[in-house]
Amino acid sequence: MRLLENIGRNIESKIKQELDSLGFFYRIFGRVKNIDSAKNKIEFKKYAERGKKLQDSIGIRVILYFPEDIQLVKKILLDNFVLDNKEEDDHGTETFKPQRFNYVSRIPEKFIEEYKEIISSYDLNDVDETFEVQLRTVFSEGWHEVEHDLRYKCKEDWEDHQEFSRVLNGIYATLETSEWSMLKLFDSISYKDYNNNKWDSMLRNKFRLRFTNTKLNSDLLGIFNTKPTIVKEIFKINRNRVLTNLYERKIKAPLTISNLIFIINHLELKNDDIYKKTPKPILEILEIKS
């Protein structure tokens, strides 16, 4: 299945390119079902009898550090691939259960003929021309792995243990609460750093991105130290709105803390002092993409 793996790696590379441009903290894993596994699943699920096809011959899992990033990553997937179907749970406020964010998309057009030839060569007639991407968070990933191998695959072991099944779901609930608490922790650190004039740390903990340079340049430091109202405006800015703007406007600049401030200023603050210190290459990028 080496040729199929090459197609999977190309799709994975496209996703990585988009996530890296925004500085997300994440892990990504890809896999291709081997022949025996594909045929066993097709037979077990009775796809032919149900008029359905296997849709995850290529599977990719994106594990995000922070749950607040899921919405934008979903948008990135929908913008870059043709959606076939999705499984997305919304349990409301009364139920604690694991949430699925599974997106099945069509194989990109430039790989479709090669994909068909590969599938045909293995006589896999009940395999669709699709791939699946699962979105998870770091905290939920471990729970999902344990649940999948020791409950989902062993359902008969749990038939007489409904109370323990509820406990297992309860463990997932504590992980959701822990994720929320972790975000609040970073917000609290950022706020304390803001009050203590520790600008670099304030920005790192507020935006939580994989910066290539995590220090403000001397020009911005000078502005921050003498213009506290500017820092206050930046501190109040919504992180997710900034990232959505970066993505939708296709602003591709080296992701340093200083460049992020120059971009935020261009998009929202419109401060002349920061404009005057914005490097020419960044201004050129912003003028083209605005």
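Details of the structure are given in the entry above.
Residues numbered from 1 in each chain as written. Predicted model: local features only at pLDDT ≥ 70, side-chain atom pairs only at ≥ 80, totals over all residues. Heavy atoms only, no water.

Asks: Please provide a residue-by-residue account of the overall build of the protein chain, values included.
Replies: Within the protein chain, the regular secondary structure consists of 14 helices and 5 strands. Judged by the C-alpha coordinates and their principal axes, the protein chain covers about 70 × 50 × 25 Å. Per-residue burial for the protein chain yields a buried fraction of 44% across its 290 residues. In the protein chain, of all internal contacts separated by at least 6 residues, the share reaching a separation of at least 24 is 72%. (Helix = DSSP H or I, 4+ residues; strand = E, 2+ residues; numbered from the N terminus. Buried < 20%, exposed > 50% of the residue type's maximum accessible area, 1.4 Å probe, protein only. Contact = heavy atoms within 4.5 Å.)

Asks: Account for helix H2 (residues 35–44), with residues named and values stated.
Replies: Within H2 the residues assigned to the buried category are Ile35, Ala38 and Ile42. Looking straight down H2, one finds its buried side chains confined to an arc of 70 degrees; they lie on one side. Exposed and facing more than 90 degrees away from the buried side of H2 are Asp36, Glu43 and Phe44. Residues of H2 that are buried sit in contact with helix H3 (47–50). Where H2 begins, one side-chain oxygen reaches toward the backbone nitrogen of aspartate 36, 3.3 Å away; that side chain belongs to asparagine 34. Two residues or fewer after H2 comes lysine 46, characterised by a positive phi angle close to 55 degrees. (Arc of directions from axis to C-beta. Polar contact = N/O pair within 3.5 Å; in protein donor to acceptor, adjacent residues only side chain to side chain.)

Asks: Run through the pairing of strand S5 (residues 130–137), naming residues and quoting values.
Replies: Across the 8 residues that make up S5, a large majority, 8, are buried. Burial along S5 is two-sided: the residues Thr130, Glu132, Gln134 and Arg136 and Phe131, Val133, Leu135 and Thr137 are all buried. Where strand S2 (residues 58–64) meets S5, 6 bridges bridge the pair, whose relative direction is parallel. Among the inter-strand pairings, leucine 64 is bridged to a residue of S5, identified as threonine 137. (Pairing = 2+ DSSP bridges.)

Asks: Explain the packing of aromatic side chains residue by residue, including any values.
Replies: Summed over the entire model, instances satisfying the criterion amount to 9 aromatic pairs. One Lys or Arg, lysine 206, reaches over the ring of phenylalanine 207 and ends 5.5 Å from the middle of that ring. (Phe/Tyr/Trp six-rings, centres within 6.5 Å; stacked < 30°, edge-to-face > 60°. Lys NZ or Arg CZ within 6 Å of the ring centre and 35° of its normal.)

Asks: Tell me about the nonpolar core, and name the residues and values.
Replies: If you look at the biggest cluster of nonpolar residues, it comprises 72 residues, and the most contacted ones within it are Ile15, Phe24, Val62 and Leu203. Top element by residues in this core is helix H12 (residues 257–269). It accounts for 8 residues. Not counting chain neighbours up to four residues away, the residues in contact with valine 62 comprise Ile15, Leu19, Arg27, Ile28, Val133, Gln134, Leu135 and Arg136. (Core = buried A, V, L, I, M, F, W, Y, C linked by side-chain atoms within 4.5 Å.)

Asks: Please give an account of unusual backbone geometry that cites residues and values.
Replies: The phi angle at aspartate 123 is positive, at roughly 55 degrees, despite the residue not being glycine. Within the element layout of this structure, aspartate 123 appears in the loop between helix H5 (109–121) and S5. You will see that asparagine 197, though not glycine, has its phi angle at about 60 degrees, which is positive.

Asks: Give a detailed account of helix H6 (residues 138–150), specifying residues and quantitative values.
Replies: With 13 residues, H6 ought to run about 18 Å at 1.5 Å a step, and its terminal C-alpha atoms sit 19 Å apart, in line with that. Those residues of H6 not exposed but buried are Ser140, Glu141, Trp143, His144 and Glu147. (Expected span 1.5 Å × (residues − 1).)

Asks: Any chance you could break down the sheet that holds strand S4 (residues 101–106) for me, citing the residues and the numbers?
Replies: Strands sit in the order S1-S2-S5-S4-S3 across an open sheet of 5 strands; the sheet is mixed. Looking at strand neighbours, the two that pair on one side only are strand S1 (26–32) and strand S3 (83–88), the edges of this open sheet. Shown here is a sheet whose adjacent strand axes are inclined to one another by a mean of 15 degrees, direction ignored. One ladder, built from 7 bridges, connects S1 with S2; its direction is antiparallel. Looking across to S2, one finds that arginine 31 is bridged to glycine 59. Contacts between helix H1 (residues 2–22) and the sheet are confined to S1, S2 and S5, with S1 contributing the most and set at about 165 degrees to the helix. Sitting on the sheet, H6 touches S2 and S5, and the angle it makes with S5 is about 115 degrees. (Axes fitted to C-alpha atoms, helices over the stretch in contact; angles between N-to-C directions.)

Asks: Now, about the pairing of S4: what can you tell me, with residues and values included?
Replies: Within S4, 5 of the 6 residues are buried, which leaves the element mostly enclosed by the surrounding structure. Note that S4 and S5 share 5 bridges and pair antiparallel. The partner of tyrosine 103 across the bridge, within S5, is valine 133.

Asks: Break down the pattern of salt bridges for me, with residues and values.
Replies: Taken as a whole, this structure holds 25 salt bridges when the rule is applied. The salt bridge involving glutamate 88 is made with lysine 74; its shortest N-O contact spans 2.9 Å. Residue glutamate 88 is found in strand S3, and its partner lysine 74 is found in helix H4 (residues 70–80); the two are separated by 14 residues along the sequence. With its nearest N and O atoms 3.6 Å apart, the salt bridge here joins lysine 227 to aspartate 273. (Salt bridge = Lys/Arg side-chain N within 4 Å of Asp/Glu carboxyl O.)

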